Amino acid sequence: MSNPYLPYPVRIERITIENDARDLKTFELSFVEPDHAAAFEHVPGQFAELSVLGTGECPIGIASSPTDGDRVSFTVKKTGVVSDELHRAREGRVLGVRGPLGNGFPLERMRSKNLVIVGGGFAFTTLRALIRYVLHDDHRSDFGDVTVVYGARTPGELLYKDELDAWQDRDDLSAHITIDAAADGWEGHVGFVPTVLDEVAPSPKDAILVVCGPPAMVKFTLPVAAQLGFAPADTLLSLEMRMKCGIGKCGRCNIGHKYVCTDGPVFTLEELSALPAEF
Amino acid sequence: MTEKKEGTKPETPMDARIVSKEDLIAALTALAQDHTVIAPVDDRTGAVFAPTQDAAAVRLEYRNTSLSPKAAVFPQIETLLAFQDGVATETLPEPPETVLFGARPCDARALAMLDRVFQRDGIDDPYVAARRDRLTVIALACDEPGPACFCTSVGGAPDDHTGADVLATDLGEALLMRPVTERGEALLAALDGARPAEAGEIEAAQERSAAAAEKIGRVPVPSEPARLLEAFDSEIWAEIAAGCLGCGACTYACPTCHCFDLTDEHKRGTGRRVRSWDTCALPLFTLHASGHNPRPSTDARLRQRVLHKFAYGPETIDEMLCVGCGRCVSVCPSGIDLRRILARLDGCIAGGGPG
Amino acid sequence: MTVQEQLRHRAAELLADGTIDLFVGYAASDAPLKAAVHVARTAADAEMLTWNSFCAPNVAALLPKLLRRPDGAGEDWAPQRVGILAKGCVSRSIVGLIKAHQIPREAVHVIGVGCDGVVDRHRAARLFTPAAILDAEPLDGDRMLLRGTDGAERTVDLSEILLGSCLDCQHRNAVLADETIGDPVPETGPGPQEDAATSFAARPIDERWEAFEEEISRCIRCYACREACPNCYCTECFAEETEPHWIGVTTDPSDLMLFHLGRAFHQAGRCVDCGACVAACPMGIDLRLLTHKVNRDVEALFGGEASVSLDIVEPLLQFEMTDDEGFITEP
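What this report covers is the structure whose coordinates are included nearby. It should be emphasised that the depicted structure is a prediction, and the values quoted were computed from it without experimental measurement. (Residues numbered from 1 in each chain as written. Chains lettered and ligands numbered in written order. Predicted model: local features only at pLDDT ≥ 70, side-chain atom pairs only at ≥ 80, totals over all residues. Heavy atoms only, no water.)

### Some words on the overall build of chain C
Across its full length, chain C holds 13 helices and nine strands. Relative to the compact-globule value of 20 Å for 331 residues, chain C shows a C-alpha radius of gyration of 20 Å, a close match. With the C-alpha coordinates of chain C rotated into their principal frame, the extents come out at 60 × 60 × 40 Å. Counting all 331 residues of chain C, 51% fall into the buried class. Put simply, 67% of the contacts in chain C that link residues at least 6 apart link residues at least 24 apart. Surface summary for chain C: the accessible area is close to 15200 Å², and the carbon and sulfur share equals 53%. Of the side-chain charges in chain C, 29 are positive and 53 negative, and the distance between the mean point of each set is 3 Å. (Helix = DSSP H or I, 4+ residues; strand = E, 2+ residues; numbered from the N terminus. Rg over C-alpha atoms; globule rule 2.2 N^0.38 Å. Buried < 20%, exposed > 50% of the residue type's maximum accessible area, 1.4 Å probe, protein only. Contact = heavy atoms within 4.5 Å. Areas by Shrake-Rupley, 256 points an atom, 1.4 Å probe, with all protein chains shown as cover. Lys, Arg positive; Asp, Glu negative; His and termini not counted. Charge placed at Lys NZ, Arg CZ, Asp CG, Glu CD.)

Below you can see the structure in the form of structure tokens.
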């Protein structure tokens, strides 16, 4: 078994600035060693530990789908020491990636179901990976109706703007993009994500709900979901925790006896209700 | 679930050996030629495990050390990766053959627990494994408990051999040494001066251990660890943690505490990634970059420590992550006593829910 | 009534009449030579309060957290009122915390008590090495009977096993108190440790560096010294900052020495030499090697002792144009 602490070397191929505030960037990375690309087979919802050698690591959700070829993408917010350094990096720089880590979304049980995907802010990244996977020609017919509700504070804060536009033109998914308050030139929804979810009111029948967002958004979305009839066992959340090893050894990311890095980051609401409220 | 461990079953007389103390010293000194021998030696805090060249410095009469010997497989500081010009290489340890002599049964059992933490769920830690593979553990049974010992309440015993390759018992003039594993047998077979033990000597060793077990105070430990979670929201934690300073002394002294941090260091083109012991006692342990902290108070952090040992351990490694060595009790500057905490929790749960 | 009985009585009264919400002091523990830090909220809790020579922790260390304004607290938030048992050094710590605006004077009700010194567990343990001490029984005449796990019994004079800071102590009685219990204890002059510190300072620098390096090599970065110290109230310690990354997390000599030198200098002008750091250290490091010297240096350079009065501004919290600058060396 290979050393789980040793990162794969990856090269920054492309950097996309995602938002007006310029503190969210998507890094598209290629594996320096070809067999690492093959070994890095991930499932949407998984994350990886991104290394800036000599500065540190940070756990970031994988923003690309396994169907996106050999490259892998991460959308990183400039928050702390490592992400600061990452934001200073230029194309061509070599970083490290350890992963894929975590459990990812439970695709097996999601197949043949309708999917309701609700995200907010920059937590949308792994949801984007999921949507790209589901929409791919090889998989689209495996899943039922796909409804997406995604919101940000302002239009400038929305991630993956080109893709969001492209989704509007598709008839195999129903995408509802919203911003908090009206803005010039914006013709989409206006309102907080929970409110828009309530308005769209997708049916819970044969559906799996996926929620990922800042704590405040999640807090107000869950009651709406419950009212719409989504069962806790069919509601998936992706959690964040301070992490270091990412492989369930260093002991810090636990909620009760579950480690967010190995037993998660995806949990059903039912699973979380059985755990201590310490996250 | 933890099974209560009885004293070790008697080995057949031909397996157990008797080694005089002089022969033992000679043997350890000889081993030190081509092995690293880690043994308890004098220290201002009583005794400490240290690599020893001169076996005459080894202390058999100590109760237990203030720090556990877990550093033999899980050192406090370990370089995992070396960085040079943007390339990371693993720096796996290549330890010499090592003999850990004189670890108490609680500490040997803790090593076995650490094995299960670091090699589980299909993910193996190669650094810990490299050290463990080259380690022979000669545990030393206890004939007198320390002031804070409670191993028998958590499934241990003064002569438990879990995690050991050889279990030694001090009979006064000589040691009874029983092989537990093939590695232990190989070591004993090569030991000059070792002779087969007689049945009477084996019995004498068992009697000593049984007598020691009698003296160890009993502590109520929940038989159903999940019940501890009933007390999760109880106000009892504020009471228990009132004096807790939130330092890391208990976690660093503890033989089963395994939490660690990963830090990068760099200086102009070179650098390293270092693993270091970390502690759930500090707020920084779980602090998010956003400023949110799932465990914002000492109450919550002390609760985590206790539940990690007694409620989560049984879920992750099928065993309570506590061997009853009592170091946390001895070392705590505020006099917080895990035995009292367990008794309080026992009362809290038995009383029918959070109190 | 014994001092202990007076203490329990007064603490219970103060709780009952609402003067205080909780009382911070000590209680008996099951570990030998060690009192537990105890927070009493009820009369039953107050009955457990003790006062003896095992009361080594500086309980003022609990005050900043107990009295800190929580984030987002409203205009009408008021701190709880905390009663506290203060031997001399604890009362000095309280003075220091008040002057540093970490705790409001009106939130603390200080019961002063005279102190003859507290036991250094490590010093006592050394008498029994490699066996451990099983229990300790105070005897008349300032003596203690110690029993070891090896069956040995030793009767010692308390002075043989006191903390070094207690041997040197010149403030055995509270310097600040709302009330006192027990009789005042005679103040004494500089003790034997003072001589040891002076002669250490007189040794050649190479020897001192080697001794310091060896002493500090025992450190395991558990931060017990820091958390036990009332002056270490920073919510983020320099040792844990990542921007800038002042020191590494390791036990490499440079990291250890930087941490301890940093901490000692952060204490300069504030350390009351209570010895709580030494008592807390699981490795028995003589941390006073640094702090004691820094205290003496501050005294020599700027005059005055730390935290003996609310009315005095500490030398390092103010400056005069005539201050000695001789220690600033040419670059």
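### Some words on the overall build of chain B
Within chain B, the secondary structure is distributed over 10 helices and 14 strands. For a compact globule of 355 residues, the expected C-alpha radius of gyration is about 20 Å, and chain B comes in at 21 Å, within 12% of that figure. The principal-axis extent of the C-alpha atoms belonging to chain B is close to 65 × 60 × 40 Å. Counting contacts in chain B only where the partners sit at least 6 residues apart, residues at least 24 apart contribute 74% of the total. Taking the average location of the 37 positive side-chain charges in chain B and that of its 52 negative ones, the two points are 5 Å from each other.

### Section: the side chain of B:Thr65
All names here are of chain B. Here Thr 65 lies in the loop between strand E3 (46-51) and strand E4 (77-84). Polar side-chain contacts of Thr 65 include one of 2.5 Å to the backbone oxygen of Leu 67. When residues no more than four places from it in sequence are discounted, the contact partners of Thr 65 are Ala 47, Val 48, Phe 49 and Arg 327. (Polar contact = N/O pair within 3.5 Å; in protein donor to acceptor, adjacent residues only side chain to side chain.)

### A few points about helix H4 (residues 125-135) of chain A
A large share of H4(A) lies buried, amounting to 10 of its 11 residues. Looking at H4(A), one finds that the buried residues are A:Thr125, A:Thr126, A:Leu127, A:Arg128, A:Ala129, A:Leu130, A:Ile131, A:Tyr133, A:Val134 and A:Leu135.

### A few points about unusual backbone geometry
For the bond from A:Gly264 to A:Pro265, the omega torsion is 10°, close enough to zero to count as cis. Its place among the elements puts A:Pro265 in the loop between strand E14 (258-259) and strand E15 (266-268). The amide bond that connects C:Glu243 to the next residue, C:Pro244, takes the cis arrangement and shows omega of 0°. Topologically, C:Pro244 is positioned in the loop between helix H10 (224-228) and helix H11 (253-266). If you check the backbone angles, A:Ala201 has positive phi at about 45° while not being a glycine. Within the element layout of this structure, A:Ala201 appears in the loop between helix H6 (193-200) and strand E11 (207-212). Unlike most non-glycine residues, C:Asp273 shows phi in positive territory, near 60°. You can see C:Asp273 is positioned in the loop between H11 and helix H12 (276-280).

### With respect to the pattern of salt bridges
As enumerated under the stated definition, the model contains 63 salt bridges over all chains in all. Across the pair B:Lys21 and B:Asp170 runs a salt bridge, and its minimum N-O distance is 2.9 Å. Of the two residues, B:Lys21 sits in helix H1 (residues 21-34) while B:Asp170 sits in strand E10 (residues 166-170), which places them 149 residues apart along the sequence. Taking the relative accessible area as the measure of exposure, B:Lys21 reaches 22% and is therefore partly exposed. Two residues, C:Asp178 and C:Arg105, come together in a salt bridge whose shortest N-O distance is 2.8 Å. Note that C:Asp178 is positioned in the loop between helix H7 (164-167) and strand E9 (179-181) and C:Arg105 in the loop between helix H4 (88-99) and strand E5 (108-113), a separation of 73 residues in sequence. Owing to a relative accessible area of 24%, C:Arg105 belongs among the partly exposed residues under this scheme. Taken together, the shared-partner salt bridges in this structure form one network comprising A:Glu13, A:Arg14, A:Glu28 and A:Arg71. (Salt bridge = Lys/Arg side-chain N within 4 Å of Asp/Glu carboxyl O.)

### Focus: the interface of chain C and chain B
Reports of interface size often rely on the accessible area that becomes lost once the parts have come together. In this complex, chain C contributes 48 residues to the contact, which on the side of chain B involves 44 residues. Of all residues in chain C, C:Asp30, C:Pro130 and C:Ile220 give up the largest surface area on contact with chain B, accounting jointly for 16% of the area buried on that side. One can count four salt bridges joining chain C with chain B. For B:Arg272, the salt bridge goes to C:Asp252, with nearest N and O atoms at 2.8 Å. Secondary structure elements with two or more residues in the side of chain C that touches chain B: strand E2 (35-40), helix H5 (121-125), strand E6 (133-139) and H10 of chain C. (Buried area = accessible area lost by both parts, 1.4 Å probe.)

### Describing the sheet that holds E11(A)
Each strand in a sheet pairs with its neighbour through backbone hydrogen bonds, running either in the same direction (parallel) or in the opposite one (antiparallel). Residue and element names in this part refer to chain A. Here we have seven strands laid out as an open sheet, ordered E10-E9-E8-E7-E11-E12-E15, and mixed in their pairing. Only two strands of the sheet have a single neighbouring strand rather than two, namely strand E10 (189-190) and E15. Here strand E7 (residues 114-120) pairs with strand E8 (residues 146-152) via six bridges, running parallel. Residue pairing in the sheet places Gly 120 in a bridge with Gly 151 of E8. Packed on one face of the sheet, H6 meets E7, E8, strand E9 (174-179) and E10 and runs near 150° to E8. (Pairing = 2+ DSSP bridges. Axes fitted to C-alpha atoms, helices over the stretch in contact; angles between N-to-C directions.)

### Notes on the state of the cysteines
Residue and element names in this part refer to chain A. Under the counting rule described, the total for this entry stands at zero disulfides over all chains. Between Cys 212, a free cysteine, and Cys 253, which holds the nearest cysteine sulfur, the sulfur-to-sulfur gap is 16 Å. Assessed through its relative accessible area of 6%, Cys 212 is described here as buried. (Disulfide = S-S within 2.5 Å.)

### A word on the sheet that holds strand E9 (residues 135-140) of chain B
All names here are of chain B. Strands sit in the order E3-E2-E6-E9-E10-E11-E1-E12 across an open sheet of eight strands; the sheet is mixed. Two strands lie at the open edges of the sheet, namely E3 and strand E12 (195-196), each paired on one side alone. Here E10 runs beside strand E11 (residues 174-179); their pairing, made up of five bridges, is antiparallel. Note on E11: the bridge partner recorded for Val 166 is Pro 179. Contacts between helix H5 (residues 199-215) and the sheet are confined to strand E1 (17-20), E10, E11 and E12, with E11 contributing the most and set at about 95° to the helix.

### Examining the packing of H11(C) against helix H13 (residues 288-302) of chain C
Residues and elements named next belong to chain C. It is the contact of H11 with H13, at a shortest axis distance of 9 Å, that shows an interaxial angle of 35°. Note on packing geometry: the crossing formed by H11 with H13 is right-handed. Only Leu 290, Thr 291 and Val 294 of H13 make contact with H11, whose side of the interface consists of His 260, Leu 261 and Ala 264. Among the residues making up the contact of H11 with H13, the classes are represented as four nonpolar, two polar and no charged. (Left-handed = near helix turned anticlockwise from the far one by under 90°. Nonpolar A, V, L, I, M, F, W, Y, C, P; charged D, E, K, R; others polar.)

### What to know about the environment of B:Gly172
Residues and elements named next belong to chain B. Tracing the backbone through its elements, the reader meets Gly 172 in the loop between E10 and E11. Assessed through its relative accessible area of 34%, Gly 172 is described here as partly exposed. For the pair formed by Gly 172 and Ser 20, sequence separation is 152 residues and the distance between their alpha carbons is 9.2 Å.

### Remarks on a negative patch on the surface
On the surface, C:Asp116, C:Asp142, C:Asp157 and C:Glu160 cluster together into a negatively charged patch. The exposure class assigned to C:Asp157 is partly exposed, which follows from its relative accessible area of 38%. (Patch = residues over 30% accessible without salt bridge, like charges linked within 9 Å, V, L, I, M, F, W, Y side chains within 5 Å.)

### Quick look at the packing of aromatic side chains
All told, the structure shown has 18 aromatic pairs over all chains when counted by the stated rule. Ring centres of A:Tyr5 and B:Tyr127 lie 5.6 Å apart, and the angle between their planes is 70°; this geometry places the pair in the edge-to-face category. Taken as a pair, A:Tyr5 in the segment before strand E1 (8-17) and B:Tyr127 in helix H3 (residues 126-133) lie in two separate chains rather than in one. Residue classification places B:Tyr127 among the buried positions, given a relative accessible area of 0%. Note on C:Tyr223 and C:Phe259: the rings are 5.2 Å apart at their centroids and 70° apart in plane angle, and the pair reads as edge-to-face. With C:Tyr223 in the loop between helix H9 (205-216) and H10 and C:Phe259 in helix H11, this pair connects stretches of sequence that are 36 residues apart. Taken as a pair, C:Tyr223 and C:Phe259 share a single burial class, namely buried. Here a set of aromatic residues connected by ring pairs shows up, and it is made of A:Tyr5, B:Phe74, B:Phe118, B:Tyr127, B:Tyr252, B:Phe260 and B:Trp277. Over the face of the ring belonging to C:Phe259 we find C:Arg221, whose NZ or CZ atom lies 5.5 Å from the ring centre. Over the ring of C:Tyr223 we find C:Arg226; its NZ or CZ atom is 4.0 Å from the centre of that ring. (Phe/Tyr/Trp six-rings, centres within 6.5 Å; stacked < 30°, edge-to-face > 60°. Lys NZ or Arg CZ within 6 Å of the ring centre and 35° of its normal.)

### Thoughts on helix H2 (residues 81-88) of chain A
All names here are of chain A. The element H2 is largely enclosed, with a buried count of six among its eight residues. All buried positions along H2 are accounted for by Val 82, Ser 83, Asp 84, Glu 85, Leu 86 and His 87. Contacts made by the buried residues of H2 are with strand E2 (24-31), strand E3 (47-52), strand E4 (56-61), strand E5 (72-77) and strand E6 (94-101).

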